[in-house]
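Per-entry structural report
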Amino acid sequence: MLRQVFSRLFSGAGRYAERPAGRRVDNTVKDTDSLKAEVGRGKLPLHVAIIMDGNGRWAQRQRLPRLSGHAAGGKKAEEIVKFAQDIGIKHMTLYVFSTENWRRPKDEVKGLMSLLVDMFERRLEDLVDYGARIRVIGRKDRLPQHVLRAIIKVEERTQANAKIFVNLAIDYGGRDEISRAAQELAKKAVLGEILPEAIREEHVSSHLDTAGVPDPDLVIRTGGEMRISNFLIWQSAYAELVVSPVLWPDFSGRDLLLAISEYQRRDRRFGSV
Ligand code: IPE
Ligand code: IPE
Ligand code: MG
């Protein structure tokens, strides 16, 4: 009996074989329109979050400076938000700059900040017209003044929009965000506004930068690396993860559809059976 159990476990048969991570289908043969129609018939994730990785490698492969990769990545972000809105995604969170990215060479950081300001200022009216509501999550106390000003402007100018809600994670880190929430809760406890023993998950959630935003259903990382790099660590507790090998500047609407299609084939159990 015991031998049977072990041999089933180690041969990969039994429970694991009956429950693959997702149904395997060959999407590579489908054209984009039929993939779009198919994804449209399924249940869409309400919130898609993306770790937009691979700008540096993309540039390196073309013998361009890393900043050219970031510029291409910025354009790609706009394109993908539009595509996502078009297929009916309501919330998106894009990882733009992490709390750890300050460790990069000074010139790269400076270049990235300038690209951001440039994008916000140049494309502001388009974004307003487009109906995207932009919100920035992350620390706002370490950003250069000109970046902060551009952020405030884009947040204000798009605040009446509701076609798609876009959170841009800038100087964002999940651990930093949770620490700041803990500070806020501790302050309230000291003031007697909340009892420490009354603190629940909901209180933590509502003190995060993403308060009011539904948790991501799907987290996509481009560039092939299988790690979360401090992104939405609280909120993605039950998100489905899809890693795409495609470098971010090459990521297409079709690649987004492929990721959503994979998501739709997953069996989300949330700890149940
Ligand atoms: C992601 O691309 C963009 C940022 C982190 C700002 P990378 O710059 O990390 O690209 P790779 O990983 O080096 O290719
Ligand atoms: C994650 O990419 C951060 C962003 C995409 C903004 P990184 O390139 O910084 O992540 P690591 O260093 O490979 O984990
Ligand atoms: Mg990277």
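The structure we're discussing is the one just above.
Residues numbered from 1 in each chain as written. Chains lettered and ligands numbered in written order. Predicted model: local features only at pLDDT ≥ 70, side-chain atom pairs only at ≥ 80, totals over all residues. Heavy atoms only, no water.

1. A word on the pattern of salt bridges
Scanning the entire structure with this criterion turns up 25 salt bridges. Salt-bridge contacts for Arg-104 lead to Glu-108; the nearest nitrogen and oxygen are separated by 2.8 Å. The residue Arg-227 makes a salt bridge to Glu-225 at a minimum N-O spacing of 3.4 Å. Salt bridges sharing common partners tie together Asp-53, Arg-57, Arg-221, Glu-225 and Arg-227. (Salt bridge = Lys/Arg side-chain N within 4 Å of Asp/Glu carboxyl O.)

2. Focus on the layout of surface pockets
By volume, the largest pocket amounts to about 980 Å³. In terms of lining, the largest pocket is formed by 45 residues, of which the most central are Met-52, Asn-55, Tyr-95, Val-96 and Phe-97. Among the secondary structure elements, those contributing two or more residues to the lining of the largest pocket are α4 (55–61), α5 (66–87), β2 (91–98), α6 (106–130) and β4 (164–172). (1 Å grid on protein atoms, 1.4 Å probe; cavity = no way out; pocket = protein on both sides within 12 Å on 5 of 7 lines; lining within 4 Å. Points joined across faces, edges and corners; volume = space filled by probe spheres on them. Helix = DSSP H or I, 4+ residues; strand = E, 2+ residues; numbered from the N terminus.)

3. Remarks on the sheet that holds strand β5 (residues 218–221)
Reading across the sheet, the six strands line up as β3-β4-β2-β1-β5-β6 and stay open at both edges, with parallel pairing between neighbours. Strands at the two margins of the open sheet, each flanked by one partner only, are β3 (132–137) and β6 (240–243). Each adjacent strand pair in this sheet contributes to an overall mean axis angle of 20°, direction not counted. Where β3 and β4 come together, six bridges link them in parallel fashion. For Arg-133, the partnering residue across the bridge sits in β4 and is Phe-165. α5 rests against β1 (47–51), β2 and β4 of the sheet, and its axis sits at about 165° to β2. Relative to the sheet, α6 contacts β2, β3 and β4, its axis offset from that of β2 by approximately 155°. (Pairing = 2+ DSSP bridges. Axes fitted to C-alpha atoms, helices over the stretch in contact; angles between N-to-C directions. Contact = heavy atoms within 4.5 Å.)

4. Quick notes on helix α8 (residues 174–190)
The end-to-end C-alpha separation of α8 is 24 Å, in line with the 24 Å expected for 17 residues at 1.5 Å each. Taken residue by residue, α8 has Gly-174, Asp-176, Glu-177, Ala-181 and Leu-185 as its buried positions. Packing partners of the buried residues in α8 comprise β4 and α9 (201–206). Just beyond α8, the residue with positive phi is Gly-192, at close to 80°. (Expected span 1.5 Å × (residues − 1). Buried < 20%, exposed > 50% of the residue type's maximum accessible area, 1.4 Å probe, protein only.)

5. A few points about the packing of aromatic side chains
For the coordinates displayed, the defined rule picks out six aromatic pairs. Centre to centre, the rings of Tyr-172 and Phe-231 are 6.3 Å apart; their planes meet at 85°, and the pair counts as edge-to-face. Of this pair, Tyr-172 sits in strand β4 while Phe-231 sits in the loop between β5 and β6, placing them 59 residues apart in sequence. The burial state of Tyr-172 is the same as that of Phe-231; both residues are buried. Ring plane angle 45° and centroid distance 5.5 Å describe the contact between Tyr-238 and Phe-270, whose orientation is recorded as tilted. A residue pair is termed long-range when its members are at least 10 positions apart, and Tyr-238 in the loop between β5 and β6 and Phe-270 in the segment after α10 (253–265) qualify at 32 residues. Tyr-238 sits in the partly exposed class, given a relative accessible area of 49%. (Phe/Tyr/Trp six-rings, centres within 6.5 Å; stacked < 30°, edge-to-face > 60°.)

6. Brief notes about the site of ligand 2
With respect to spatial proximity, the complete set of residues near ligand 2 consists of Ile-51, Met-52, Asp-53, Tyr-95, Val-96, Phe-97, Asn-101, Arg-104, Arg-221, Arg-227 and Ser-229. In the environment of ligand 2, an oxygen atom lies 2.9 Å from a nitrogen or oxygen atom belonging to the side chain of Asn-101. Side-chain polar atom of Arg-104 to an oxygen atom of ligand 2: 3.2 Å apart, as the coordinates give it. About the coverage of ligand 2: the protein hides 78% of its 390 Å² of free accessible area. In this structure the site holding ligand 2 corresponds to the largest pocket. Sorting elements by how many residues they give to the shell around ligand 2 places β2 first, with three residues. (Near = heavy atom within 4 Å. Polar contact = N/O pair within 3.5 Å; in protein donor to acceptor, adjacent residues only side chain to side chain. Areas by Shrake-Rupley, 256 points an atom, 1.4 Å probe, with all protein chains shown as cover. Sits in = over half its atoms within 2 Å of the grid points.)

7. Considering the side chain of Arg-266
Within the secondary structure, Arg-266 is located in the segment after α10. A polar contact of 2.9 Å, which involves the side chain of Arg-266, links it to the side chain of Glu-240. Of the polar contacts made by the side chain of Arg-266, one reaches the backbone oxygen of Leu-241; its length is 2.9 Å.

Purely spatial values, then, with no claim about function.
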